[in-house]
Amino acid sequence: MPYKYRGSSGSDAGTPKQQHAALRRAERGAAASGKERLDEMIRPSKRMKEFMTYAFAEVDKAKSSAQAEGYRIIDFGVGDPTEPLYDGAVRALQRGASEHSRSGYPSYIGMPRFRQAAAGWLKKRFSVEADPDTQITSTAGSKEAIFHFPFAILDPGESVLMPSIGYPPYRGGTVFAGGIPEYYQLKEENGFLPDLAEIERKISANSGIRMIWINYPNNPTTAMATDAFYKGLIELTQKYGVVIASDEAYTEMYVDKKPRSVLEFSDDWSNIIVFQSLSKRSNATGLRVGFAAGGKDLISYYRKLRTQLDSGVANAVQEAAIAALGDEGHVQEMRALYDEKRKLLTAALDTAGIRYWADSTFYVWAKIHGSSIDFSKRMLTLDREKKVGINVTPGSMLALGDAPNADGYVRFALVPHVDEVRLAAELMRAKLG
Ligand SMILES: Cc1ncc(COP(=O)(O)O)c(C=O)c1O
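Cut-offs used in this document
- Residues numbered from 1 in each chain as written.
- Predicted model: local features only at pLDDT ≥ 70, side-chain atom pairs only at ≥ 80, totals over all residues.
- Pairing = 2+ DSSP bridges.
- Helix = DSSP H or I, 4+ residues; strand = E, 2+ residues; numbered from the N terminus.
- Contact = placed C-beta atoms within 7 Å.
- Axes fitted to C-alpha atoms, helices over the stretch in contact; angles between N-to-C directions.
- Buried ≥ 20, exposed ≤ 12 C-beta atoms within 10 Å, placed from the backbone.
- Arc of directions from axis to C-beta.
- Domains from an automatic or database assignment.
- Right-handed = clockwise from strand over helix to strand, strands pointing away.
- Core = buried A, V, L, I, M, F, W, Y, C linked by C-beta atoms within 7 Å.
- Parallel < 35°, antiparallel > 145°, perpendicular 65-115°, else oblique.
- Nonpolar A, V, L, I, M, F, W, Y, C, P; charged D, E, K, R; others polar.
- Near = placed C-beta within 6 Å.

**Quick look at the sheet that holds strand β13 (residues 409–413)**
- As summarised here, the arrangement of the four strands in space is β9-β10-β13-β12, forming an open sheet in which the pairing is antiparallel. Edge positions in the open sheet fall to β9 (355–357) and β12 (393–394), since each of these has one partner strand only.
- Of the strands in this sheet, β9, β10 (363–367) and β13 are in contact with helix α13 (residues 329–351), which crosses β10 at around 5°.
- On top of the sheet, helix α14 (residues 372–380) reaches β12 and β13; it is set at about 45° to β13, its chief contact.

In structure tokens, the structure reads:
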């Protein structure tokens, strides 16, 4: 009998190459050799396979070929700050490495001083009182926490609502936890906020929805949540018993109006958890540190999960985070720098007659004509004489699920050096205007 590997539940197991080989063999009625068996066993899980098609592949290919032709690319693609980590955090990291040289494994939930610093910052910034003992826990940056949190509360087959264009780990974490992603649309006519009536319809039609992801200030649309939205969402989710997971990684990246936290809108946090990060406010993407704050039970479930996952955030890194949370000057400077870049880029978009949103975060969300992939490819070779191109992220690449409107937009991350942003703005004025 032809060999069928363990765990295979059909022809979709294994990579396409493996499936093809198994099919040919079955047709011949041949048994697998030892080598073939081994080749077939070394395969990604079915869930993993879902995530193996790289969304940016097409644009990356165009970028590589432009570079191979000698183009200099000004990169507005990935939202990774290029400015250095706040120097106070660098010093604290260095001191921390010596001070904690014998500390062993760090705490799963963060040092008490780290949690107190986070609570102090929440109080100063949002006027909320979070108990560092029970309502705050350290995270290894927010990506890890966003991906893993569903594992702590979701049973297989239950659903999570998430924005249809958004940060990929909302979907990844849900799927790997055995859950089902359900999407809501972020529409221009609704200020890129979820339509609460649409959310209520979805929640009332599906009692399996356990949680909703929200993200304000929003990547990629730059929208900020209104007070009415937060109040309405809390009322709705408390009525139906749904968890609000609020990704607040960009609360410190604003233009003039300070974004608020969902924590400010209810004294009852039993169904609310917020994910904060040092990454953007302190150029600390390389440190991997943040914290979650919210309802005691939700925090305790996530803490328990972390004991199974990893061994906490390095103490020296927590020291760096404590230093960064205690200083607002560097964050102010960062905002000023992004303001300068934002003004340069948006002035060029104005000249080119391209509509855009640039209300917060360090992104600019621009509405283009035609397909976002075609636009992005064209931008890569924008100035053919000077051989300078611009890399932007096509909206369709940011779609997590069904997102009919995403293809009409592209995202600029304001991360290149200000001189490069100036040059990109000049090119856009000349070539798109
Ligand atoms: C919306 C959003 N949330 C969370 C993150 C995660 O950031 P980190 O893991 O560095 O805290 C990012 C990173 O780009 C993001 O865009």
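**Digging into α14**
- All of the buried residues along α14 are S372, F375, S376, M379 and L380. Viewed along the axis of α14, the buried residues span an arc of 140°, placing them on a single side of the element.
- Residues of α14 that are buried sit in contact with α4 (57–68), β1 (72–75), β11 (388–391), β12 and β13.

**Description of the domain arrangement of the protein**
- You can read the domains of the protein as domain 1 (1–42), domain 2 (57–83 + 330–432) and domain 3 (87–326).
- A C-alpha centroid distance of 43 Å is found between domain 1 and domain 3.

**Considerations on the pairing of strand β6 (residues 243–247)**
- Counted residue by residue, β6 has five buried out of five residues, so it is predominantly covered.
- Both faces of β6 are covered, namely the face carrying V243, A245 and D247 and the face carrying I244 and S246.
- Two strands pair when backbone bridges link them, and strand β5 (residues 209–214) and β6 are joined in this way by four bridges, in the parallel orientation. Its bridge partner being in β6, I214 is matched across the sheet by S246.
- Once you follow β5 into helix α10 (residues 227–240) and on to β6, the crossover reads as right-handed.
- Across four bridges, the pairing between β6 and strand β7 (residues 272–277) is parallel. Bridging across to β7, D247 finds its partner in F275.

**Side note on the nonpolar core**
- The biggest cluster of nonpolar side chains holds 124 residues, and the ones touching the most others in it are A118, A320 and L414.
- It is helix α12 (residues 315–325) that contributes the most residues to this core, eight residues altogether.
- Per-domain counts for this core show at least three residues from each of domain 2 (57–83 + 330–432) and domain 3 (87–326).
- Beyond its immediate sequence surroundings of up to four residues, L414 is in contact with Y338, K341, R342, L345, F362, Y363, V364 and V421.

**Quick look at the packing of helix α7 (residues 141–153) against helix α11 (residues 296–309)**
- At a closest axis distance of 9 Å, the pairing of α7 and α11 adopts a crossing angle of 110°. Taken together, the axis directions place α7 and α11 in an arrangement best described as roughly perpendicular. Touching H148, F149, F151, A152 and I153 of α7 are Y301, Y302, L305 and L309, all from α11.
- Partitioned by chemical class, the residues of the contact of α7 with α11 number eight nonpolar, one polar and no charged.

**Details of the site of the ligand**
- Among the 13 residues in the neighbourhood of the ligand, the closest are listed as G141, S142, K143, S277 and S279.
- Residue contributions to the shell around the ligand peak at three residues, all from α7.
- Among the residues making up the shell around the ligand, the classes are represented as two nonpolar, nine polar and two charged.

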